[in-house]
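What follows is each chain in one-letter form.
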Amino acid sequence: MTYQDARTPGLQDGILHHLTYTIGKDAAHATLHDWRLALSFAVRDRIVDSWFASTRASYEAGAKRVYYLSMEFLIGRLLGDALVNLRLDGEAKAAVEGLGLDFDAVLHDEPDAALGNGGLGRLAACFLESLSTLACPAMGYGIRYEHGLFRQSFDNGRQVEAPETWLQQRHVWEFERPEAAYSIGFGGHVAEQDGRMVWTPAEAVLAEAYDTPVVGWEARWTNTLRLWAARAIDPLDLARFNHGDHVGAAVPEMLARAISRVLYPDDTTEAGKELRLKQEYFFTAASLHDILRRFDSEHGDIRLLPEKVAIQLNDTHPAIAGPELVRLLHDTRGLPFDEAVDIARRTLNYTNHTLLPEALEKWPVPLMARLLPRHMMLIERIDADHAARFPARATHAVADGEVNMGALSFIMANRVNGVSALHTGLMKQTVFADLHALHPGRIVNQTNGVTPRRWLHACNPRLAGIITGTIGEGWIGDLERLAELEPHLGDAGLQQAIAGAKRANKADLADWIGATHGLSVDPDAMFDVQIKRIHEYKRQHLNILEAVALWQAIRANPDAGWTPRIKIFAGKAAPGYVFAKKIIRLVNDVAAVLNADPVTSRYLKVIFLPNYNVTLAERLIPAADLSEQISTAGKEASGTGNMKFALNGALTVGTLDGANVEIRDHVGAENFFLFGMTAEEVVARRAVEGHAGQAIAADPRLAAALAAIHDGAVSPGDPTRYHDITGNLRGPDYFLVCSDFADYWRAQREVDAAYRDAAHWTRMAALNTARSGWFSSDRTIRGYMAEIWGAASLGPRA
Ligand SMILES: *Cc1c(COP(=O)(O)O)cnc(C)c1O
């Protein structure tokens, strides 16, 4: 396949053309920013043909379409990814350098689109890319937030949040679609007219579509990400304006725009805000209108909907899709209620992402009834009908004055899936035990995955080049072929090349840390990395407690042959999550003390890199030796960071939680540093009165590390600063940091010993890469297509 024919000018011509005619700049006066925009437009031109071809092929085949509804899409930068998937990266580098520019600087000019909080949003982004790579006719639907996840910086170690402003620059990848706009109502009343219920909203806003093409590997197929922006239906209250109230006249527009203004910066607790519920209904309703409009244009009979459309709800945020679809089918199109429910239920599917009770979404009935009065009536009727069919059971979607969005999603779904084998099993035993008993077979597992294009081929060109040089490039589109590496791993030259690539990635990162954060880092030290949202269940405090204990041990015996390591942290805490923010401050304080210690800093340094996002992940993961996946067992639904690390040849120190279990099964127990209690043991341990105190009494190292933090060793002048943390760990310690500490310490010392045997370490790391092919999101999407959606690939190479 070639990507350039007689009609397509060379990329350099395209860049110069767009610089002149789209940006309106002369090459002599163009800034880096102008050049980046010009390159992006030139690259975008190359996507459009594949995009149109995919759209045509979908219509012609009359194929089943997949719609992925997600509140979050953590897409990151798009230019480098597009270049790689179009196989234009080499030509682009040459073209840009031919113009006298630094290619990396041009790529790094792009803002990181952070329309998500963490794993859930990044999963949605990986899925879109795999859907295109697999030529599955699909569309992602979400919200075009003006401000994505906040920008994080530190002030004396404390997290400071500032608004993210990615849209202040021209967003080159999107196409505005003014013709695809829908009016979305809120509030008002419901009345019966001619035997039908009619909802008359009190207010309405306009949902406007913005489309971003998502190009798959080798431009085989291109799907669309459609994001909705909220606008006022009447942009200006002219009467108010003419009466001299110039500011007041703009209020309706401001109120409407508020709906797509900001991403809620919290992925674990519900904001409980009316605006959040408005956001959810806004994008779900706009997407369903759009889906039905497209369905109507292709097919006549609405009863075919479940055969032609599969809708995936990414968590419960779009759960209002159930009642909204019933409303459209029953109230608007006049289908009998039972049939409307049946069609909706066979069309919708739901992915559960968490078992944490505080993160299971619930809305007060009065709020739902006020904002969405017709939906509240429908939810009650759906729930009552379900309860009537299964009178022996006590599961209700409406209970204790709240709507339980998880139960509603379950009742209205054809399939409900968990995101790792362990998580799916726990779902059946805990949150959905009751509903699972009523509907056996509805719950299925689809273990998460990551796209190998971004998370190996693009972010780690050194390792990718070695792999391609050894087994050819087939692995990029078929990651399980990484297994072909294994027979070659005995080759000394290959081992040396793999070790050399890691060393070079580490040297790059060390240079960058030195230049941007002023910390000197030895590239030969072990790079020990924990990067993810800051949350008690993820246990960054277990990691930093181990750092303090190690610091004390080195101080006590500096010449004991310690393995040098640098502990690298990154991650954002929800602005209202006080304890998580305290953990960030603790890490920063520990870093300040340890890095300044002339004796121990030769062996141990700590750094917390600010503003974790996709771009920073792409920088850190290829340079990591050790991947910290240390959540309390039973709490991390899957994790995807864990997969990115293993794929890039980092060894995991981790608990038997989420997908860690499957990673260990694949890479081999001997290539994984396991520690800690199992999910079952966690439950039993938590029931032991005084578990934390017992663990501390049994482990002098833990006791001394806690005492140092408690007594102000890392907060001189403010000794009580961390009493909330030490008090929690010595008291309730719900996440069992103390009970897992001793085994974590043991595992870490095994890591130290293993790292000292460089050849063996390299072999273990290479085996992690060679055996991680199963963790491609292509595999995950194939599973959804076959077991959830019943969708087929339309690709030439399907
Ligand atoms: C992969 C990724 C995550 C998810 O990380 P976990 O370790 O699975 O929680 C979060 N944020 C970003 C930016 C990522 O790239």
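Model, not experiment: these values are computed from the prediction. (Residues numbered from 1 in each chain as written. Predicted model: local features only at pLDDT ≥ 70, side-chain atom pairs only at ≥ 80, totals over all residues. Heavy atoms only, no water.)

1. Overview of the packing of helix α21 (residues 540-556) against helix α30 (residues 737-756)
Condition: For helices, the fitted axis covers only the stretch in contact; all axes are lines through C-alpha atoms, and the angles between them, taken along N-to-C directions, range from 0 to 180 degrees. Secondary structure counts use DSSP, requiring at least four H or I residues in a row for a helix and at least two E residues in a row for a strand, with both numbered from the N terminus. Orientation categories follow fixed angle ranges, with anything under 35 degrees roughly parallel, anything over 145 roughly antiparallel, 65 to 115 roughly perpendicular, and all other angles oblique. Should the near helix be turned anticlockwise from the far one by less than a right angle, the crossing is termed left-handed; should it be turned clockwise, right-handed. Contacts were defined at the residue level, with two residues in contact if any of their heavy atoms lie within 4.5 Å. Note on residue categories: nonpolar means Ala, Val, Leu, Ile, Met, Phe, Trp, Tyr, Cys or Pro, charged means Asp, Glu, Lys or Arg, and polar means any other residue, Gly included.
Where α21 meets α30, the axes come as close as 10 Å, and the angle between the chain directions of the two elements is 60°. Relative to α30, the element α21 lies oblique. Where α21 crosses over α30, the handedness of that crossing is right-handed. For the pair α21 and α30, contact is made by His 541, Leu 542, Asn 543, Leu 545, Glu 546, Ala 549, Leu 550 and Ala 553 and by Val 737, Phe 741, Tyr 744, Trp 745, Gln 748 and Arg 749, respectively. When its residues are assigned to classes, the contact of α21 with α30 shows 9 nonpolar, 3 polar and 2 charged.

2. Concerning the domain arrangement of the protein chain
Note on interface size: it is often stated as the accessible area lost on association of the parts. To be explicit about the condition: All domain edges in this entry derive from an automatic or database-based domain assignment. Two parts placed together each lose some accessible area under a 1.4 Å probe, and the buried area is that loss summed for both. Salt bridges are defined by distance alone: a side-chain nitrogen of Lys or Arg within 4 Å of a carboxyl oxygen of Asp or Glu. Two N or O atoms form a polar contact when they lie within 3.5 Å of each other; inside protein one atom must be a possible hydrogen donor and the other a possible acceptor, and for residues adjacent in sequence the pair counts only when both atoms belong to side chains.
When its domains are assigned, the protein chain resolves into domain 1 (1-61 + 78-111), domain 2 (62-77 + 112-448 + 781-789) and domain 3 (452-775). Put simply, the middle of domain 1 and the middle of domain 3, counted by C-alpha atoms, are 37 Å apart. Counting residues at the interface gives 6 residues for domain 1 and 6 residues for domain 3. Where domain 1 abuts domain 3, roughly 540 Å² becomes buried across the two surfaces, and 45% of that area is made up of carbon and sulfur atoms. Sorting the residues of domain 1 by area buried against domain 3 places Asp 81, Val 84 and Arg 87 first, and these three jointly supply 65% of that buried surface. In this assembly, domain 1 and domain 3 are joined by 2 salt bridges. Between Asp 81 and Arg 454 there is a salt bridge, with the nearest N and O atoms lying 3.4 Å from each other. Taken together, domain 1 and domain 3 are joined by 2 residue pairs in polar contact (both at pLDDT 80 or more). Sorting elements by how many residues they give to the side of domain 1 that touches domain 3 places helix α3 (residues 79-85) first, with 3 residues.

3. So, the pattern of salt bridges
As a reminder, the rule being used: Relative accessibility decides the category of a residue: with a 1.4 Å probe and only protein chains considered, values under 20% of the type maximum give buried, values over 50% give exposed, and everything between is partly exposed.
Applying the stated criterion across every chain, the model contains 53 salt bridges. Residue Asp 296 pairs with Arg 333 through a salt bridge whose shortest N-O separation is 2.7 Å. Here Arg 333 lies in the loop between α11 (321-332) and α12 (337-347) and Asp 296 lies in helix α9 (residues 274-298), a separation of 37 residues in the sequence. Taking relative accessible area as the criterion, Asp 296 reaches 35% and is therefore assigned partly exposed. Accessibility expressed as a relative area gives 33% for Arg 333, which makes it partly exposed. Through salt bridges with shared partners, one network takes in Asp 528, Glu 546, Arg 565, Lys 567, Glu 628, Arg 749 and Asp 752.

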